[in-house]
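Close look at the chain arrangement
Okay, here's what each chain looks like letter by letter:
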Amino acid sequence: MAALKFWLWLANLPRISSQMKLALLGHFGEPERIYYGDKEEYFLIKGMTRQAADILMDKTLDRTDQILGDCDRLGLQIITKQDTGYPDRLRNIFDPPLLLYVQGRMPLFDEEVAVAMVGTRQASAYALEQGEKLAYQMAGLGAVVVSGLASGADAAAHRGALRANGFTAAVIGGGHDVIYPRENRGLYEDIAARGVILSEYPPGTEHMAGHFPVRNRILSGLSLGVVVMEAPERSGALITANRALDQGRDVFVIPGQVGDRRCAGSNLLLRDGAGVVTDAWDVLSHYAGQYPHKIRSLRREEPRRFGGTPLPEKPEKKPAPKPEPEAPALPLLDLAGDHGLTDDQLRIVKALEGRTVQVDDLIEETQIPTRRILSALTVLELDRIVAQESGKRFSLLVALK
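This is a predicted model, so every value here is computed, not measured.

When you go through the chain residue by residue, the secondary structure sums to 17 helices and 16 strands. Overall, the C-alpha framework of the chain stretches about 80 × 45 × 45 Å when taken along its three principal axes. Looking at the chain as a whole, 53% of its 401 residues are labelled buried. Here the analysis covers contacts within the chain between residues at least 6 apart in sequence; of these, 67% occur between residues at least 24 apart. Surface summary for the chain: the accessible area is close to 19800 Å², and the carbon and sulfur share equals 49%.

Within the secondary structure, Ala241 sits in helix α12 (residues 236–246). Once the C-alpha coordinates of Ala241 and Ala169 are considered, the two residues, 72 residues apart in sequence, prove to be 18 Å apart. Beyond its immediate chain neighbours, meaning those up to four positions away, Ala241 contacts Val228, Val251 and Leu269.

So, on to the sheet that holds strand β8 (residues 250–253). Across the sheet, which stays open at both edges, the nine strands sit in the order β1-β2-β6-β5-β4-β3-β7-β8-β9 with mixed pairing between neighbours. Of all the strands in the sheet, just β1 (77–80) and β9 (275–276) have a single pairing partner and so form its edges. One ladder, built from three bridges, connects strand β3 (residues 114–118) with strand β4 (residues 144–147); its direction is parallel. From the neighbouring strand, Ala114 faces β4, where its bridge partner is Val144.

The subject of this paragraph is the sheet that holds strand β14 (residues 386–389). Pairing is antiparallel in the open sheet, where three strands are placed in the order β13-β15-β14. Each end of this open sheet is capped by a strand with a single partner; those strands are β13 (357–358) and β14. Bridge count for β14 against strand β15 (residues 393–396) is four bridges, and the pairing is antiparallel. By the bridge assignment, Gln388 is partnered in β15 with Phe394. Contacting β13, β14 and β15, helix α15 (residues 343–352) runs over the sheet at an angle of about 90° to β15.

Turning our attention to helix α16 (residues 359–366). Three- or four-residue spacings in an α-helix give side chains the same orientation, since the helix completes a turn every 3.6 residues. Taken together, the buried positions of α16 are occupied by Val359, Leu362, Ile363 and Thr366. With its buried residues spanning 100° around the axis, α16 presents them on a single face. In α16, the exposed positions angled more than 90 degrees off the buried face are occupied by Asp360 and Glu364. At the N-terminal end of α16, a side-chain oxygen is found 2.7 Å from the backbone nitrogen of Asp360, two or three residues along, and the residue is Gln358. In the stretch just after α16, Gln367 is the one whose phi turns positive, near 60°.

Most of β3 is tucked away: five of the five residues are buried. Every second residue of β3 is oriented toward a common face, with Ala114, Ala116 and Val118 on one face and Val115 and Met117 on the other, all of them buried. With helix α8 (residues 125–140) bridging β3 and the parallel β4, this β-α-β connection has right-handed handedness.

What follows concerns the nonpolar core. Core analysis: the biggest nonpolar cluster contains 34 residues, and Met106, Phe109, Val146, Val228 and Leu269 have the highest contact counts within it. Element by element, the count of residues in this core is highest for α12, at four residues. The residues contacting Val146, other than those within four sequence positions of it, are Phe109, Ala114, Val115, Ala116, Met117, Ala169, Val171, Leu219 and Ser223. In terms of nonpolar packing, the next biggest core, distinct from the first, is built from 31 residues, Leu8, Trp9, Cys71 and Ile78 among them.

Turning our attention to the pattern of salt bridges. All told, the structure shown has 14 salt bridges when counted by the stated rule. Two residues, Asp65 and Lys5, come together in a salt bridge whose shortest N-O distance is 3.2 Å. Of this pair, Asp65 sits in helix α6 (residues 62–74) while Lys5 sits in helix α1 (residues 2–11), placing them 60 residues apart in sequence. Residue Lys39 is joined to Asp54 by a salt bridge in which the shortest nitrogen-to-oxygen separation is 2.5 Å. On the criterion of sequence distance, the pair formed by Lys39 in helix α4 (residues 39–42) and Asp54 in helix α5 (residues 50–56) is long-range, its members being 15 residues apart. Counted as one network, the salt bridges with shared partners bring together Asp95, Glu200, Arg217 and Arg243.

Taken as a whole, this structure holds six aromatic pairs when the rule is applied. Arranged with centres 5.0 Å apart and planes meeting at 90°, the rings of Tyr35 and Tyr36 form a pair that is edge-to-face. The class for Tyr35 is buried, based on a relative accessible area of 10%. The exposure class of Tyr36 is exposed, given its relative accessible area of 60%.

All buried positions along α1 are accounted for by Leu4, Phe6, Trp7, Leu8, Trp9 and Leu10. Check the buried side of α1 and you find it contacts α2 (18–28), α3 (31–35), α5, α6, β1 and β2 (99–104).

Here is what the cut-offs are and how they apply
- Residues numbered from 1 in each chain as written.
- Predicted model: local features only at pLDDT ≥ 70, side-chain atom pairs only at ≥ 80, totals over all residues.
- Heavy atoms only, no water.
- Helix = DSSP H or I, 4+ residues; strand = E, 2+ residues; numbered from the N terminus.
- Buried < 20%, exposed > 50% of the residue type's maximum accessible area, 1.4 Å probe, protein only.
- Contact = heavy atoms within 4.5 Å.
- Areas by Shrake-Rupley, 256 points an atom, 1.4 Å probe, with all protein chains shown as cover.
- Pairing = 2+ DSSP bridges.
- Axes fitted to C-alpha atoms, helices over the stretch in contact; angles between N-to-C directions.
- Arc of directions from axis to C-beta.
- Polar contact = N/O pair within 3.5 Å; in protein donor to acceptor, adjacent residues only side chain to side chain.
- Right-handed = clockwise from strand over helix to strand, strands pointing away.
- Core = buried A, V, L, I, M, F, W, Y, C linked by side-chain atoms within 4.5 Å.
- Salt bridge = Lys/Arg side-chain N within 4 Å of Asp/Glu carboxyl O.
- Phe/Tyr/Trp six-rings, centres within 6.5 Å; stacked < 30°, edge-to-face > 60°.

Next up, the structure:
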């Protein structure tokens, strides 16, 4: 408990940036040594200002005692960056929070297929329906659905996970005792009882506009990938997607209607190479091989379509002395005729003939720049000409003529 007081003292010092606090921690090793440090040693930290050093000389612990009392009253657990329960995924991002206030059951995120789902608060009925359906599917298959407990898309994601009796984690931008938005009170209580609510802000903290972009790094940092349900060009969801890319996470998008401003940002992500999501397996297939004990079952592959003609199912194997019938032929794509492919798409299709290729190898073979090849693959996937398999490997759904 004594050590925790010093963590709380450091985390709640005003007007000192998180990067400066991390730099202090890197120099001193632990908050207690920072607390008992002197001003001269503080100035050994690169970027230390006189104002920050003066703030560090305030050794009062009244605020710390108040926070501990509030956490005890609310039943909150506090996990610091040095605790074993603090996720390594989060610890290893550029600017991890010094501590987390936890309500509910904290899972071992490093062992979970955690997927963040984000989107606009003014989401369309289509985005809400598809987001809730996707969260329901993913939670039902064993994934942890992470979102921000805001209105609109976030609430839909949490609802879907809870409907599937799955686990969902909410990362909020204020104190646990300040419910925001108010209409989510029931959802808040359900998540606290059946999932977990996390915040880096102590009890009593209002949900300020500036807090939400900051908390988004935690959403993506806890997760293997981020699904954008719907996002305008300037939105918190796009900030989360960019954070995810900076952290080396995967980004997926539910395609939206062209021309709808609510989808403009998310459709731009698709143009730039984000993965297309039509159901849960489009996301979970990327992680099933790494976490086979977490994904409860695999999706039955449905016949794909090309040009409006359904592909026939492969015939079932039947015990018989005669050989198995051959698999049905794939639809033909006539490269000599009016195929409608761009030059990049044509080179990709030819490179994939008769084999499955990882995207990095495809880039090396075709010498097409990464952004262009990802954009071309997205269009080919939407047109049912190629399919993406686990490990970002691609194969043809058509036969070339």
